[in-house]
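For reference, the chains in residue letters:
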Amino acid sequence: MNLMPDQPGSVVEKGRMGRVAYARIAPNEDLVRGIEKLCLAEGFENAFVRGALGSLVDACVLANDGTEIHVSGPAVEIVSLAGEVRSKDGSVEASLSGVVADPSGIIHGGPFVSGGNPICMTFEVTLEEWLPEA
Amino acid sequence: MNKFPSRHRARSMRHPGRFNPVRIQSESDLEGRHFRLLLTPGQSLRDAIVEPLRAVGVTSASTTILGGFFSQLSYCVAPPDPSGQAVIAYSAPIDAGPTCMIFGNATLGLSSEGDPLVHCHAAIRTSGGEYRGGHILPDRSIIGPTPIPVLVTAFEGFSLRQSFDPETNIPLLQPFREDARNESHA
């Protein structure tokens, strides 16, 4: 993951919110890729997560040393989610960070690993399209 | 064989009902309507969200609860369903006592019976100082002495309704275009 801005001086991006979309994503779809596919379905190039809740079979988040933290379910409840989707070179990429609760209610958190977070029962998400000024 | 023994493989769970080929049910609108809502001290989380929003014509919305104190809060966790009717079932309510809600998200929609429905998940610090999270019970959770700010993103071109989902065998909030809702009420 490249955490540096694309170009020097590009740390502030002016823009405005555009369309709003709400989706229910079905079981066994991946959290990160599901949000990317939602943007493809709705034609959003860039978006911010505006609200999300649901459950995962198991959760997989990045640890500080780059290894993966696995939280066993089912179900692991998503209790907080922040993130964005960006388009680049013909693809969309969701970067999502959040807090999850395991089946005993203990919380864990971090950046969600793409492909490692299958939805358990349902995932509800609201995205707002972000329209950068040209 | 396995070059990455620490990597857990994502599991695909078998649900009791028939697989729905539509995996993403989405609706969109030209823009969201935004409101800043203050949750009223002493009210249940449900009433504090439903009543003021109904007064401004909002019945479907996604909200971010920006954190605050509850004089009483109850929540559930979601372990496997021993009956096998669904993959998971909510546990009995857990009483967290006077609680700090660190962060929460709540969805406002309509229940299968047409009543307002609040679906809320949150991270909390319990009266015992434990960090927990789960499915908050909006009727059993009471706003503390200080109003709690909420950012509301309301939907106009479509509505959220609880509808039975055959695949998971439970009722779930799903988006429907407004005209579809009107037909069902006709």
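Residues numbered from 1 in each chain as written. Chains lettered and ligands numbered in written order. Predicted model: local features only at pLDDT ≥ 70, side-chain atom pairs only at ≥ 80, totals over all residues. Heavy atoms only, no water.

Where an unreviewed UniProt entry is consulted, chain B appears under the name PPC domain-containing protein, with the organism given as Salipiger pallidus.

Going by what an unreviewed UniProt entry lists, chain A is known as DNA-binding protein and is assigned to Salipiger pallidus.

A. Fine view of the overall build of chain A. Regarding its fold elements, chain A presents 1 helix and 8 strands. When the helices and strands of chain A are read in sequence order from the N terminus, they spell out β-α-β-β-β-β-β-β-β. Scaling as 2.2 N^0.38, a compact globule of 134 residues should have a C-alpha radius of gyration of about 14 Å, and chain A matches this with 15 Å. The principal-axis extents of the C-alpha atoms in chain A amount to approximately 45 × 35 × 20 Å. (Helix = DSSP H or I, 4+ residues; strand = E, 2+ residues; numbered from the N terminus. Rg over C-alpha atoms; globule rule 2.2 N^0.38 Å.)

B. Region of interest: the UniProt feature "domain: PPC" (unreviewed entry) in chain B. In the numbering used here, UniProt assigns the feature "domain: PPC" (unreviewed entry) to residues 27-176 of chain B. Between the C-alpha atoms that bound residues 27-176 of chain B there is a distance of 7 Å. The span itself is 7% helix and 54% strand. (UniProt positions renumbered as here; feature names shortened; annotations may be inferred.)

C. A look at the sheet that holds strand E6 (residues 91-101) of chain A. Reading across the sheet, the 7 strands line up as E7(A)-E6(A)-E5(A)-E2(A)-E8(A)-E1(A)-E1(B) and stay open at both edges, with antiparallel pairing between neighbours. Bordering the open sheet on either side are strand E7 (107-111) of chain A together with strand E1 (24-29) of chain B, each of which pairs with just one other strand. Along the sheet, successive strands turn relative to each other by an average axial angle of 20°, direction set aside. Sheet topology places strand E2 (residues 47-56) of chain A next to strand E8 (residues 119-132) of chain A; 8 bridges connect them, and they run antiparallel. Counted as the bridge partner of A:Leu56 is A:Ile119 from E8(A). (Pairing = 2+ DSSP bridges. Axes fitted to C-alpha atoms, helices over the stretch in contact; angles between N-to-C directions.)

D. The arrangement of the UniProt feature "domain: PPC" (unreviewed entry) in chain A in detail. Per the UniProt entry, the sites bearing "domain: PPC" (unreviewed entry) are residues 15-134 of chain A in this numbering. Counted over residues 15-134 of chain A, helix gives 10% and strand 60%. Its end C-alpha atoms are 9 Å apart.

E. Structural view of helix H1 (residues 45-55) of chain B. Of all the positions in H1(B), only B:Leu45, B:Ala48, B:Ile49, B:Val50 and B:Leu53 are classed as buried. Positive backbone phi, at 85°, marks B:Gly57, one or two positions downstream of H1(B). (Buried < 20%, exposed > 50% of the residue type's maximum accessible area, 1.4 Å probe, protein only.)

F. Quick peek at the nonpolar core. In terms of nonpolar packing, the biggest core is built from 29 residues, with A:Ile35, A:Phe123 and A:Val125 touching the most fellow members. Secondary-structure elements contributing two or more residues to this core are strand E1 (15-25), helix H1 (31-42), E2, strand E3 (59-62), strand E5 (76-88), E6 and E8 of chain A. Here this core gets 5 residues from one element, more than from any other, and that element is H1(A). Setting aside chain neighbours within four positions, we find A:Ile35 in contact with A:Ile25, A:Leu81, A:Val85, A:Ala94, A:Leu96, A:Phe123, A:Val125 and A:Leu127. Listed in part, the 28 residues of the second largest apolar core include B:Leu39, B:Ala48, B:Phe70 and B:Val77. (Core = buried A, V, L, I, M, F, W, Y, C linked by side-chain atoms within 4.5 Å. Contact = heavy atoms within 4.5 Å.)

G. Quick peek at the pairing of E2(A). Residues and elements named next belong to chain A. For E2, the buried fraction is high: 8 of the 10 residues fall into the buried class. Across 5 bridges, E2 lies against E5 in antiparallel orientation. If you follow Gly54 over to E5, its bridge partner there is Ile78.

H. Summary view of the environment of B:Gln43. All names here are of chain B. Take Gln43: it is sitting in the loop between strand E2 (33-39) and H1. Exposure remark for Gln43: the relative accessible area of 28% places this residue in the partly exposed category. Note: C-alpha distance between Gln43 and Asp139 (96 residues apart in sequence) is 9.2 Å. Contact partners of Gln43, with chain neighbours within four places excluded, come to Ala48, Ser141, Ile142 and Ile143. Here the side chain of Gln43 touches Ala48 through a polar contact of 3.4 Å, landing on its backbone nitrogen. (Polar contact = N/O pair within 3.5 Å; in protein donor to acceptor, adjacent residues only side chain to side chain.)

I. Representation of the packing of aromatic side chains. As enumerated under the stated definition, the model contains 3 aromatic pairs over all chains in all. On the basis of an interplanar angle of 25° and a centroid distance of 4.8 Å, the ring pair of B:Phe155 and B:Phe158 is categorised as stacked. B:Phe158 shares its class with B:Phe155; the two are buried. Grouping aromatic residues by their ring pairs yields a cluster made of A:Tyr22, B:Phe155 and B:Phe158. Over the aromatic face of B:Phe176 sits the side chain of B:Arg161, whose NZ or CZ is 4.1 Å from the ring centroid. (Phe/Tyr/Trp six-rings, centres within 6.5 Å; stacked < 30°, edge-to-face > 60°. Lys NZ or Arg CZ within 6 Å of the ring centre and 35° of its normal.)

J. Main features of the interface of chain B and chain A. With 56 residues of chain B in contact, the opposing surface of chain A contributes 52 residues. Both faces combined, the contact of chain B with chain A buries some 4,300 Å², and carbon together with sulfur accounts for 58% of it. The three residues of chain B that bury the most area against chain A are B:Arg11, B:Arg23 and B:Ile24, which together make up 15% of that side's buried surface. Where chain B touches chain A, the interface holds 3 salt bridges. Between B:Arg11 and A:Asp58 there is a salt bridge, with its nearest N and O atoms 2.7 Å apart. Here chain B is connected to chain A by 22 residue pairs in polar contact (both at pLDDT 80 or more). (Buried area = accessible area lost by both parts, 1.4 Å probe. Salt bridge = Lys/Arg side-chain N within 4 Å of Asp/Glu carboxyl O.)

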